Amino acid sequence: LESRQVKKMIASYVGENKEFERQYLSGELEVELTPQGTLAEKLRAGGAGIPAFFTKTGVGTLVAEGKELRDFEGSTYVLERSLVPEVALVKAHVADKSGNLQFHLTARNFNPAVAMAGKICVVEVEHIGETGALDPDQVHLPGIYVHRSVHSPNPEKRIEKITLREMV
C-alpha cells in the first residue's frame, strides 16, 4: 500500500489500516467488499478453473449492484466471477524443499484456496525441511501450486488492536 502497488482491494474485511483508509477516501484505491463465503468461493472457483458461479448471498444488497441476476427454482441468485490473481501471497508454517505446505491453525482457511487460484504463488514460511520430511497425510497444499518460497524463521506476529474495558 505504501508504495502504491495496490490498485484494487477485494476483501471481506479491511481492518484499521490508516494508509488503506487514506488511499480509499482520496480515491487512490478501489475497494470491492465481498461477503467472506463468497470471497472463499471466488478463490476456490478460480483455482478450479471455474470462471463464475451463482450464489444467493448479496441478492438485494449493494453486493449485487451491476451484476447479472438469475432465477432458479423460484429464488434469485447473483452471478459472481471467480478470482485468479496474478500473484498469490500466502503464509505457511512448514514447507519442504518441494514446496509442499503445512498451515498452522486458521491459516488453513484461506491460504490453500489463494495459493491454488494465483497464477504465481509466493509463500512466506517459518520452517523449511528436506523433501519428504512432511508426512504425506499432513500436507495441506501440494508443492505443485508453489512457485517461490521466502524463509521467514522469526516473523513479527502482530494483532490489530486489543480493546479492554475497565471493570466498574
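Scroll up to find the structure this text is about.
So, a few notes on the structure that sits alongside this text.

Here is what the cut-offs are and how they apply
- Residues numbered from 1 in each chain as written.
- Predicted model: local features only at pLDDT ≥ 70, side-chain atom pairs only at ≥ 80, totals over all residues.
- Heavy atoms only, no water.
- Pairing = 2+ DSSP bridges.
- Helix = DSSP H or I, 4+ residues; strand = E, 2+ residues; numbered from the N terminus.
- Buried < 20%, exposed > 50% of the residue type's maximum accessible area, 1.4 Å probe, protein only.
- Contact = heavy atoms within 4.5 Å.
- Polar contact = N/O pair within 3.5 Å; in protein donor to acceptor, adjacent residues only side chain to side chain.
- Phe/Tyr/Trp six-rings, centres within 6.5 Å; stacked < 30°, edge-to-face > 60°.

Overall, mixed pairing links the 4 strands, which are arranged E7-E6-E8-E9 in an open sheet. In the strand order of this sheet, the two ends are held by strand E7 (101-102) and strand E9 (148-151), each with one partner. When strand E8 (residues 120-129) meets E9, the two strands line up parallel, connected through 4 bridges. By the bridge assignment, Glu-124 is partnered in E9 with Val-150.

Right, let's get into unusual backbone geometry. The backbone phi angle of Glu-73 is positive, close to 50°, even though this residue is not glycine. Residue placement: Glu-73 occurs in the loop between strand E4 (69-72) and strand E5 (75-81). Unlike most non-glycine residues, Leu-105 shows phi in positive territory, near 50°. Its relative accessible area of 67% is what places Leu-105 among the exposed residues.

Here we take up the side chain of Thr-55. One can find Thr-55 in strand E3 (residues 52-55). Discounting chain neighbours no more than four positions away, the residues touching Thr-55 are Thr-38, Tyr-77, Val-78 and Glu-80.

This paragraph deals with the side chain of Ser-82. Within the fold, Ser-82 resides in the loop between E5 and strand E6 (87-96). One polar contact links the side chain of Ser-82 to the main-chain carbonyl oxygen of Ile-50, over a distance of 2.9 Å. Non-local contacts of Ser-82, meaning those with residues more than four positions away in its chain, are made with Lys-42, Ala-45, Gly-46, Ile-50, Pro-51 and Ala-52.

Now for the packing of aromatic side chains. Counting across every chain of the model gives 2 aromatic pairs. With 5.1 Å between their ring centres and 65° between their planes, Phe-54 and Phe-72 make a pair best called edge-to-face. Note that Phe-54 is positioned in strand E3 and Phe-72 in strand E4, a separation of 18 residues in sequence. Both rings, one in Phe-72 and one in Tyr-77, keep their centres 5.5 Å apart while their planes meet at 75°; by these two values the pair is edge-to-face. For Phe-72, a relative accessible area of 33% puts it in the partly exposed group. Each member of the aromatic cluster is reached from another via a ring pair, and the members are Phe-54, Phe-72 and Tyr-77.

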